[in-house]
Structure formats: structure tokens, C-alpha cells
Amino acid sequence: PQHKTMKIGIVCYPTFGGSGVVATELGKELALKGHQVHFITYSQPARLDFFNENVSYHEVYIPNYPLFQYPPYELALASKMVDIARFEKLDVLHVHYAIPHASAAYMAKQILRTKGIYIPVITTLHGTDITLVGKDASFEPVVTFSINQSDGVTAVSESLRTETYEFFQIEKDIEVIPNFIDLKKFKRQKKEHFRAAISPNNEKLLVHTSNFRGVKRVEDVIRIFAKVREKMPSKLLLVGDGPERPKMEKLCRDLKICNDVRFLGKLEAVEEVLSIADLFLMPSEKESFGLAALEAMACEVPVISTNAGGIPELNVHGVTGFVSEVGDVDDMVKNALHILDDANLPTFKANALARAHHFDIDKIVPLYEQFYQRIIDAQLAEAG
Ligand code: GMT
């Protein structure tokens, strides 16, 4: 039953990446609902920006000995999980990202077992841990094993679930629980002064946010924009930072579009930028869900994307935006111009927001609570 409060350990990457954001927002919401939440990770999660009596954060330290060429984070993490599970009497450990969190959790579980403590482990797959990293021969055996040893497994889209079964020998059921959004935080705010500063002649405003890795195909973002700009006065805002950024800055210079492109770097308040946007671009090569696109949609911004991974489960073709084949810049330009046409834009904006409501935090977090309870009950039944 949902009203039972639980003690939940959450292990995640504390960064701006989607998996860390989902884990942190989930923990915060669970705490607000009365559960006790313990974050276990190596630094303060980026979005853990509030105080609540039900949240604790436990930092994992790795002693640095000259002998260690690679600091053994996984072992320090497993030891910390053992300690917290034991002394905080956790009901469940929820780890986000297979590597190395699921395998560290497996080790913690085995250690706890020797002390007569049985704690179920739930692993949430976010995509890059499976589709990009996990398939690598250097990790595959550990990934397969630790998924199979988890007591519960969730994936953030149907597509990721299917891919996981395709590429790994998985014997477990995988439950799909999609990414979610806090519509109280991500909503279109009145930012006219900001919009006027960026688009003084009311140019259309295109936005992309990512970690600027190859998989995001930021080059396509810039090429799409350059072509849209030829047909329609427009500006491009790029939020985030990463390895591809210098190359992309050079590309803008080469295309002589620098006056219309702003690289904003990493930003806390993405929703403020999204509040002035007309169109979001996500031409990713792979994307298990596309949380950044959901954030845009919640701020009434339609989406031009590829059909990679789980994106079509979010961005409904012809309704909330359009999906194209990876790399089909011309198709994305054509679709962008269609949406940006004043005759179409209001409908797409309204549809984007309506779709975002399907992923409302108030609808999705109870799915995690029910899943935890089911896994805890199954473990108790097994233990007799
Ligand atoms: O997109 C990234 O590179 C970050 C990455 C991560 O692992 O933190 O995001 C993944 O997880 C997000 C949350 O579940 C999803 O919304 C993203 O689609 C997914 N990224 C990819 O699959 C490339």
C-alpha cells in the first residue's frame, strides 16, 4: 500500500546528466511524501538544492593510496551502502545506472546477507549505461550479471527495455517507468525582457540543451539552424557544455552565424531559457528517453527530434513536433519551418504542454512507490 513510508537508499551520479537528475528529483519527491531518503554518492547531487527533514546525503570518500592507479570507487561505495543499509535500516536500495552502481549494490547485498540483513536492490537503466557503455566487451559480463541479480529492474522507456533484452541475456522482468517532470517548476514563465534582449526584432528562438557529446549531434543542431535562418529570422540558444563545444563554436564562425547563436554554457535554471523558446532541437543519435525534450515540452516548446530510442514515445510526430531519421537535416529543417509558421506554432505549443502532463511527477512517482513495495513484499515473502 502506498501510505506505508519506506526507508530508501538512492545511489546515482550526482551530475547534471539525466540519470542523476531523475534520481535526485525522485528522491526529493519521495521525501516530500514522507519517505526517508538517503542519497549515497561521491558529491552533492546537482539538484539536491533544498532542505527536508527526510533527506540525508552520505558522501563516499575514497582513500588515496599511491598504490591505486585507479581509485576503487566501487568498493568504497559498496562499503558505504552496507553501512547505511545496516544503521539506517533501509527497506530498499535503488541504484541508478548499471555501472558501477548495480554491481556495487550486488556486493553490498552479499555482505549484508552475511550479517543476516536482506535488502532488495532495484536497478534503473537510463540508456547510456546500456546502449553506449554496457555493450562494450569490457563491461558486458558485469552489466548482465548485476542486472540479473537485481531484485527489480526498471527502464525509462519501452525502447530501452527492448534494447536491453536484445543485447544482454536478461532473465529478469523489466518494468518501464518513464522519466517525469515537475510541472510546477518547469512551466512557461513571463520573461519578455529576456526574450526582447535575445530576439530584439522578435526573431524565432530555437533552443538546444545537452552535454555536447558526440551522441547529441550538436553539429546537426547548428546546420538545421543555419538553414532555418536563411528562410526565417531566428536565433539559436545553446545550453550546456562538453567535449564538442569548441568544434561547434568554430563551425558557427565558419558558417558566419555567430551573431545569431549564443553558447550559454551550463545553467541551473534551464526553465528560464525554455520559457522564451519557440522550438527545441534534439537530433540525437541515441536517446533512451530524452528528458531535456520533456523539460522543453513542459514549457510549451514543441520538439524537432530524431526517431532514436525512446524519443518517439515522448515526441508525437505531427502533434507535439516531428521526428526524423538520424542525420536527416533537411527533413528537420522542413519540419522546423512548418512548426515555426505563425499559423501552426500555437497548436504545437499547446500540444507539447498537454503531452508533458502524461509525465507529470504526480503520476510517475507513485509508480516507483508501488514498484518498491512490490519488490519489498516479494523479498519478505521469499524470506518467509
Ligand atoms: O544523455 C546523456 O548523455 C545523459 C544520460 C545519463 O545517463 O545521465 O541520460 C540518459 O538518461 C536520461 C534519464 O533517464 C534520459 O532521459 C536520456 O535520454 C538518456 N540519454 C541517452 O540515452 C543518450
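Residues numbered from 1 in each chain as written. Predicted model: local features only at pLDDT ≥ 70, side-chain atom pairs only at ≥ 80, totals over all residues. Heavy atoms only, no water.

Draft legend 1. Seen up close, the packing of aromatic side chains. Under the criterion given, the structure shown has eight aromatic pairs. Note on Y106 and F145: the rings are 4.8 Å apart at their centroids and 85 degrees apart in plane angle, and the pair reads as edge-to-face. Residue Y106 is located in helix α3 (residues 98-114), and its partner F145 is located in helix α5 (residues 140-149); the two are separated by 39 residues in the primary sequence. Taking 6.5 Å as the distance between ring centres and 45 degrees as the angle between the ring planes, the aromatic pair formed by Y368 and Y372 counts as tilted. (Phe/Tyr/Trp six-rings, centres within 6.5 Å; stacked < 30°, edge-to-face > 60°. Helix = DSSP H or I, 4+ residues; strand = E, 2+ residues; numbered from the N terminus.)

Draft legend 2. Examining the sheet that holds strand β6 (residues 152-155) more closely. The parallel open sheet is built from seven strands, whose spatial order is β3-β2-β1-β4-β5-β6-β7. In this open sheet, the two strands that pair with only one neighbour each are β3 (55-59) and β7 (174-176). When strand polarity is set aside, the average angle formed by the axes of neighbouring strands in this sheet is 25 degrees. Sheet topology note: the strand β2 (residues 36-41)/β3 ladder contains five bridges and is parallel. Residue pairing across strands places T41 opposite E59, the latter belonging to β3. Docked against the sheet, helix α2 (residues 73-87) engages β1 (7-11), β2, β3 and β4 (92-96), running at close to 160 degrees with respect to β2. (Pairing = 2+ DSSP bridges. Axes fitted to C-alpha atoms, helices over the stretch in contact; angles between N-to-C directions. Contact = heavy atoms within 4.5 Å.)

Draft legend 3. How the structure looks around α2. Look at α2: 21 Å from first C-alpha to last across 15 residues, which is about the 21 Å you get at 1.5 Å a residue. Inspection of α2 places Y73, A76, L77, A78, M81, V82, I84 and A85 among the buried residues, and these make up the whole buried set. Where α2 is buried, its residues contact β1, β2, β3, β4 and α3. Immediately downstream of α2, the backbone of K89 shows phi near 55 degrees, a positive value. (Expected span 1.5 Å × (residues − 1). Buried < 20%, exposed > 50% of the residue type's maximum accessible area, 1.4 Å probe, protein only.)

Draft legend 4. Representation of the side chain of H38. Tracing the chain through its elements places H38 in strand β2. Under the relative-accessibility criterion, H38 is labelled buried at 3%. Those residues in contact with H38, other than ones at most four positions away along the chain, are I8, G9, I10, S56, H58, I84, E88 and L90.

Draft legend 5. Examining the sheet that holds strand β10 (residues 261-265) more closely. On the basis of which strands lie adjacent, the open sheet formed by six strands has the order β10-β9-β8-β11-β12-β13 and parallel pairing. Because the sheet does not close on itself, it has two edges, and the strands there are β10 and β13 (321-324). Sheet twist, expressed as the average angle between the axes of neighbouring strands with direction ignored, equals 20 degrees. Together, β8 (204-209), β11 (279-282) and β12 (303-306) form the strand contacts of helix α11 (residues 291-298), whose direction differs from that of β11 by roughly 175 degrees.

Draft legend 6. The arrangement of the pairing of β10 in detail. Only one face of β10 is buried, namely the one carrying V261, F263 and G265, since none of R262 and L264 on the opposite face is buried. The sheet contact formed by strand β9 (residues 234-239) and β10 spans four bridges and is parallel. Note that in β10 the partner of V239 across the bridge is G265. Read from β9 through helix α9 (residues 245-254) to β10, the crossover connection turns out right-handed. (Right-handed = clockwise from strand over helix to strand, strands pointing away.)

Draft legend 7. Examining the packing of α11 against helix α14 (residues 345-356) more closely. It is the contact of α11 with α14, at a shortest axis distance of 7 Å, that shows an interaxial angle of 120 degrees. Taken as axis vectors, α11 and α14 run oblique relative to one another. Viewed along their axes, α11 and α14 form a crossing whose handedness is left-handed. Along the contact surface, α11 presents L294, M297 and A298, while α14 presents A352, L353, R355 and A356. (Parallel < 35°, antiparallel > 145°, perpendicular 65-115°, else oblique. Left-handed = near helix turned anticlockwise from the far one by under 90°.)

Draft legend 8. Here's a closer look at the pairing of β8. By the criterion of burial, β8 is predominantly enclosed, with six of the six residues buried. Burial along β8 is two-sided: K204, L206 and H208 and L205, V207 and T209, pointing in opposite directions, are all buried. Strand direction decides the pairing type here: β8 and β9, joined by six bridges, are parallel. Pairing of T209 across the sheet is with V239, part of β9. Of the crossover connections in this fold, the one passing from β8 over helix α8 (residues 218-231) to the parallel β9 is right-handed.

Without other data, these values stay purely geometric and don't point to any function.
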